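Observations on the three-dimensional arrangement
Now for the letters of each chain:
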Amino acid sequence: MEKREQLYEGKAKKVFATDDAGLVIVSYKDDATAGDGAKKGTIRGKGVVNNRLSNALMQKLEAQGVPTHFVRELNDRETLVKKVEIVPLEVIVRNVAAGSFSKRLGVAEGTPLNCTTLEFSYKNDDLHDPLINHYHALAMGLATQAEIDTIAAYAFKVNDLLREVMMEVGIRLIDFKLEFGRLPDGQIVLADEISPDTCRFWDAKTGAHLDKDLFRRDLGGEEDAYQEVMRRLLG
């Protein structure tokens, strides 16, 4: 597989074309941002952790009937994936009150929710990814009702499977963000990544953060936390 020109660079990843128009290479960086890019830094080794963890989890999900963009891991930092058109919705699933949910709604962080919640944000950096509902998504042509129904069903399935996988290694899945893409035939697949950058992971016994909140909140120890999640999941 020949790596060609860079197509895109985001906060955490670069995307490169290949000699196959239907496939791209995703390269994971150690760059870290928080507060809508206001805080910038580096978490050493983060790119390796996020690449390897995301790939392992996507393969588990694929085996359980959630289609993903994953094709194969090329090395510690790079993965071959199907080229998709990203649906401009950030899909946020919450099991426990934390982060913006707690701030917005005045629910103490760590409060278990009576049911799992699903939120959509409009994926738009200039507007700071505002929270929207599915009527907004339909009205703006961001997705069809059928696509939204598919995305919601997959998101809840990912939550069920991921909670189980993480709890087996002593980690509570608090909340997480997903992104989905369309293949050329219109099929919806899970894209982006599943990692300590996009999930809140708390140690099941101590409640210690094992995710990007350590960086966001200047708590320190984020490098060790990322490595710990990888150690528990991948050995």
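Worth saying up front: this structure is predicted, and the values here are computed from it rather than measured.

Some thoughts on the side chain of Ser27
Structurally, the position occupied by Ser27 is in strand β3 (residues 23–28). Among residues more than four places away in sequence, those in contact with Ser27 are Ala12, Lys13, Lys14, Phe16, Arg77 and Glu78.

A closer look at unusual backbone geometry
Even without glycine at this site, Asp129 takes up a positive phi of about 50°. Considering the arrangement of structural elements, one finds Asp129 in the loop between β10 (112–122) and β11 (131–132). Given a relative accessible area of 16%, Asp129 falls into the buried group. With a phi angle near 55°, Asp218 is a residue other than glycine that sits in the positive phi range.

A closer look at the packing of aromatic side chains
Per the stated rule, a full pass over the model turns up 1 aromatic pair. Where Tyr154 meets Phe180, the ring centres are 6.5 Å apart and the plane angle is 20°; that geometry is what we call stacked. Within this pair, whereas Tyr154 is found in helix α4 (residues 145–168), its partner Phe180 is found in strand β12 (residues 171–182), the two being separated by 26 residues in sequence. Above the plane of the ring of Phe16 lies Lys3, whose end atom (NZ or CZ) is 4.2 Å from the centre. For the cation-ring pair, Lys39 lies above Phe215, with the distance from its terminal atom to the ring centre recorded as 4.2 Å.

Some points on the pattern of salt bridges
Within the structure shown, the criterion is met by 27 salt bridges. Here Arg94 makes a salt bridge to Asp175, at a shortest N to O gap of 3.2 Å. You can see Arg94 sitting in strand β9 (residues 89–96) and its partner Asp175 sitting in strand β12, a full 81 residues away along the chain. Residues Glu179 and Lys123 are paired through a salt bridge, measuring 3.3 Å at the closest nitrogen-oxygen approach. Pair noted here: Glu179 is in strand β12 and Lys123 is in the loop between β10 and β11, with a separation of 56 residues, a long-range link. Classification of Lys123 as partly exposed rests on a relative accessible area of 32%. Shared partners join several salt bridges into a network, and the residues in it are Arg94, Arg104, Glu109, Glu119, Asp175, Arg200, Asp213, Arg216 and Arg217.

Parameters and conventions
Residues numbered from 1 in each chain as written. Predicted model: local features only at pLDDT ≥ 70, side-chain atom pairs only at ≥ 80, totals over all residues. Heavy atoms only, no water. Helix = DSSP H or I, 4+ residues; strand = E, 2+ residues; numbered from the N terminus. Contact = heavy atoms within 4.5 Å. Buried < 20%, exposed > 50% of the residue type's maximum accessible area, 1.4 Å probe, protein only. Phe/Tyr/Trp six-rings, centres within 6.5 Å; stacked < 30°, edge-to-face > 60°. Lys NZ or Arg CZ within 6 Å of the ring centre and 35° of its normal. Salt bridge = Lys/Arg side-chain N within 4 Å of Asp/Glu carboxyl O.

Purely geometric numbers; function is a separate question.
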